[in-house]
Each structure stands twice: as C-alpha cells, then as structure tokens.
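Below are the chains, spelled out letter by letter.
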Amino acid sequence: MRFGLIGYGLWGTHHAEAIAKAPGAELAAIACQSEATAAAARKRFPDIPIYRDYKSLLADASIEAVDIVVPNHMHEEIGVAALEAGKHVLLEKPMALSVAACDHLLDAAGASGKVLSIGHEFRLSTQWGRLKELVAEGAIGRPLYANVSLFRFPYRQGSGGWRYKRDQVGSWILEEPVHFFDSVMWYFEELGDPNRLVAFGNGRPAPGTEGNEAAMAHNFSTVMHWPGGAYAVITQSLAGFEHHHVMELVGTDGSIRTWWSGAEDRTREPSFEIKVQRKGRDKAEKIEAAASGELFELDQELCLAVEAFKANRPIVTGEEARKRILVCLAAEEALARGREVKLDFSRH
C-alpha cells in the first residue's frame, strides 16, 4: 500500500521510518512544512518525491493512504482534504481541537467511503494494551477505580513553537492527557461512557501560557466519574524531569499496577513493569512483556494500519476519538470555571 506522509518534524521522522519498514507498506511521498525539513527528507529518502505543499501530495492518485503528523490546529484541514482526495487517513492524536472539527472529519470520512483512523497508539502497546486484555478477561472483576500519573520534563517547543501557542496546540490537556482519557475509557468500556468530571491545575510562568492557565497548566489533575460509582483520577506534571508514567486499576476482585520510566519519552531503552493481583489470588504476579514505549508502539501502529486499511476498517474509530476530545475540552472548562462539568457525547 502506497503511503504519503504529511509532516516531517521530530515525530514525523519516526513515522517515516515506521512506514518504510512496515510489511506491505511503501513510503511513496512526503510533504514538508519547511525547507529545512524538506532538505532532511530528501537526504534520507532521495528516491521519492518531497513536496512543500500537502495538496501536491494529495493530487497523486497512486497514493492510497496518508499519514498526517502535523501540529494540532492543522488536523481538521488536512484530514478532511485527504479524505476528500480519496485517501485512507491515519491521523495523529488529538483528532482535532473542537468537537465541531471532529464532526467535520467524521462527515468527510462518511462521504468519501475511506477509512479514518486516529493514532491513539497506547492501545497497541505491549504494556498499556496488556491492561485492556487483563480487564477484558475478568482478571480484576468489574472496574471500580483508575489512577493515572505522569511526571515528565516540559513539552518540546515543536516547529515554530506550536506547542506553546494556544491557537495551535489547543491545550496541553489535548496534547498528552488525551492518551490517558483514551486508555481509561477503553479499559472501562463495559461501564459505558463517563458522565461528569472536575479538574484542578496550576502552572509556572512560561512564554505562551500567560492568561491561558486552564489550557496550559503545567500541573493538571481531573477526577472523572461513571454512572454506578466507578471513577478515575488522571494527573500530569510538565514541571518534572525525565518521563515517569504510572497506571493503577482496581476492580471488584483484583488490581493491576504498571509503571514506565525513561530518560525521555522516545527512548528505546525504558524500564517498566506490570503486576496483577488476579481474582482469587493472595499475591500479585509479574507479567512479562516485550519492550514498551512510543517508538515500539508506532512501529506496531503502522504495521496494523496497512492491514486495517486493506480491510476497510480503522484501528481506533473517529467516533471514539471524538469522545476523548470532548472530555479534554470538558476538563479544560471544569478547570477554568472551578466547577463540575457534565459530559454529553451526543451529536447535535
């Protein structure tokens, strides 16, 4: 399957390598935002077309699928254009910056008949994905509680400093906690959708964050509730060091604890562990798993994307990803207003 890649920044370069080595995939063209990234792409891939305009890439009728790895505010525009051009689309998270933008993407996918899949690659992890398997097989009974914690170094600026610009990143809640909302809602799938949340946060002075405390909180915590009493605590600090991630799940009959630590988020040499105390057991057991981390998950995502697109199905649906955007925006509202926010996932 011939893939076009739109975006060749720091994360886009990893996507390019993942496409190049994915069985059944061919990296057929790259569209770059700057001359510097275009020069880097030409050096690495001298035998394929390198464009400075994504529309030129989309005009190539031989390209069957497009992998979009651009700043958040460009997701809607480029995603819709790719679908209208008749391409399958793998779109990096967050799906878009608003629920209306998500609906625009969903409508474009429906009209085109092509597949829109959103890049929530945590689901494909040997670590985070294993938790879903344990929950689904009943290892801990019915889910009651989740605790997710991330302590990490500040976000990288991104091309042109986009991660520190409110109108381009959307919010820092959309940038990484969207992964955690996705994971917990996926693990708790049998309970249905959450119905309300509260949020708290504060921050350090930093360029681009003034007056945007609710959107650009260095320290952010939320408590999300489900009908019936289950709840999840999600907390993140961008004022830390290295990259340390913890996930704990408690059910009616058991519990799971897992952690991941690395010098940075994109290391191929992390430390991690999964432990589960299964239903009916007195002690926890350690679960062995292959190497975990963003780069490993990305490789898996591109392998599965080829299979999924050929079968005309997404890995993660736009409908699911839309709910995660809605929750992130609700958390931002709860933080800004200092009150609980109800969650309504219906399309009006």
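Residues numbered from 1 in each chain as written. Predicted model: local features only at pLDDT ≥ 70, side-chain atom pairs only at ≥ 80, totals over all residues. Heavy atoms only, no water.

S.K.: Even after reading the chapter, I still don't get the overall build of the chain, so can you show me in this structure?
M.R.: Per the secondary structure count, the chain includes eleven helices and 15 strands. With the C-alpha coordinates of the chain rotated into their principal frame, the extents come out at 60 × 45 × 40 Å. Split by element, the accessible area of the chain, about 14100 Å² in all, is 50% carbon and sulfur. (Helix = DSSP H or I, 4+ residues; strand = E, 2+ residues; numbered from the N terminus. Areas by Shrake-Rupley, 256 points an atom, 1.4 Å probe, with all protein chains shown as cover.)

S.K.: Sorry if this is basic, but what is going on with the environment of Leu 302 here?
M.R.: Along the chain, Leu 302 falls in helix H10 (residues 294-310). Along the sequence, Leu 302 and Ala 25 sit 277 residues apart, while their C-alpha atoms lie 8.4 Å from each other. With sequence-adjacent residues up to four places away left out, Leu 302 is seen in contact with Phe 3, His 15, Ala 18, Ile 19, Ala 22, Asp 67 and Leu 90. (Contact = heavy atoms within 4.5 Å.)

S.K.: Honestly, the sheet that holds strand S14 (residues 285-286) in this entry has me stumped. Any pointers?
M.R.: Pairing between sheet strands relies on hydrogen bonds along the backbone, with the strands arranged either parallel or antiparallel. On the basis of which strands lie adjacent, the open sheet formed by nine strands has the order S14-S13-S12-S11-S7-S10-S9-S8-S15 and mixed pairing. Of all strands in the sheet, those with a lone pairing partner are S14 and strand S15 (341-342), marking the two edges. Where strand S12 (residues 255-262) and strand S13 (residues 271-277) come together, seven bridges link them in antiparallel fashion. Residue pairing in the sheet places Trp 260 in a bridge with Phe 272 of S13. Taken strand by strand, helix H6 (residues 128-136) contacts strand S7 (143-152), strand S11 (243-251), S12 and S13, and its axis lies near 175° from that of S12. Against the sheet, helix H9 (residues 177-187) contacts S7, strand S9 (219-225), strand S10 (231-237) and S11, and its axis sits at roughly 160° relative to S10. (Pairing = 2+ DSSP bridges. Axes fitted to C-alpha atoms, helices over the stretch in contact; angles between N-to-C directions.)

S.K.: Would you take a moment to explain the pairing of S13 for this structure?
M.R.: A regular strand places its side chains so that they alternate between the two faces of the sheet. One ladder, built from two bridges, connects S13 with S14; its direction is antiparallel. Following the sheet pairing, Val 276 is matched in S14 by Glu 285.

S.K.: Looking at this structure, I do not really get the side chain of Glu 301. What am I missing?
M.R.: Its place among the elements puts Glu 301 in helix H10. Buried charge without a partner: Glu 301 forms no salt bridge, and the closest opposite charge is Arg 123, 9.3 Å away. Residue contacts for Glu 301: discarding those within four places in its chain leaves His 15, Leu 90, Gly 119, His 120, Glu 121, Leu 124 and Ile 315. (Buried < 20%, exposed > 50% of the residue type's maximum accessible area, 1.4 Å probe, protein only. Lys, Arg positive; Asp, Glu negative; His and termini not counted. Salt bridge = Lys/Arg side-chain N within 4 Å of Asp/Glu carboxyl O.)

S.K.: Got a minute to help me understand the pairing of S11 in this structure?
M.R.: Both S7 and S11 contribute to a ladder of nine bridges, which runs antiparallel. Looking at the pairing, Arg 152 lines up with His 243 of S11. Between S11 and S12, which follow one another and run antiparallel, lie three residues.

S.K.: Is there a simple way to think about the side chain of Arg 152 in this case?
M.R.: Residue position: Arg 152 is located in strand S7. The class of Arg 152 is buried, set by a relative accessible area of 3%. For Arg 152, the side chain forms a polar contact with the side chain of Glu 176, separated by 2.8 Å. Leave out the neighbours within four places in its chain, and Arg 152 touches Glu 176, Ser 237, Leu 238, Ala 239, Gly 240, Phe 241, Glu 242, His 243 and Asp 265. (Polar contact = N/O pair within 3.5 Å; in protein donor to acceptor, adjacent residues only side chain to side chain.)

S.K.: Help me out: how do you make sense of the environment of Arg 324 in this one?
M.R.: Mapping Arg 324 onto the fold places it in helix H11 (residues 318-337). For the pair formed by Arg 324 and Ala 101, sequence separation is 223 residues and the distance between their alpha carbons is 13 Å. When neighbours within four sequence positions are excluded, Arg 324 is seen to be in contact with Arg 123, Val 178, Phe 181, Asp 182, Met 185 and Trp 186. Of the polar contacts made by the side chain of Arg 324, one reaches the backbone oxygen of Glu 320; its length is 3.3 Å.

S.K.: Hey, could you run me through H9 in this one?
M.R.: Each full turn of the α-helix corresponds to 3.6 residues, which orients residues three or four apart in the same direction. The element H9 is extensively covered by neighbouring structure, given that eleven of its eleven residues are classed as buried. Those residues of H9 not exposed but buried are Pro 177, Val 178, His 179, Phe 180, Phe 181, Asp 182, Ser 183, Val 184, Met 185, Trp 186 and Tyr 187.

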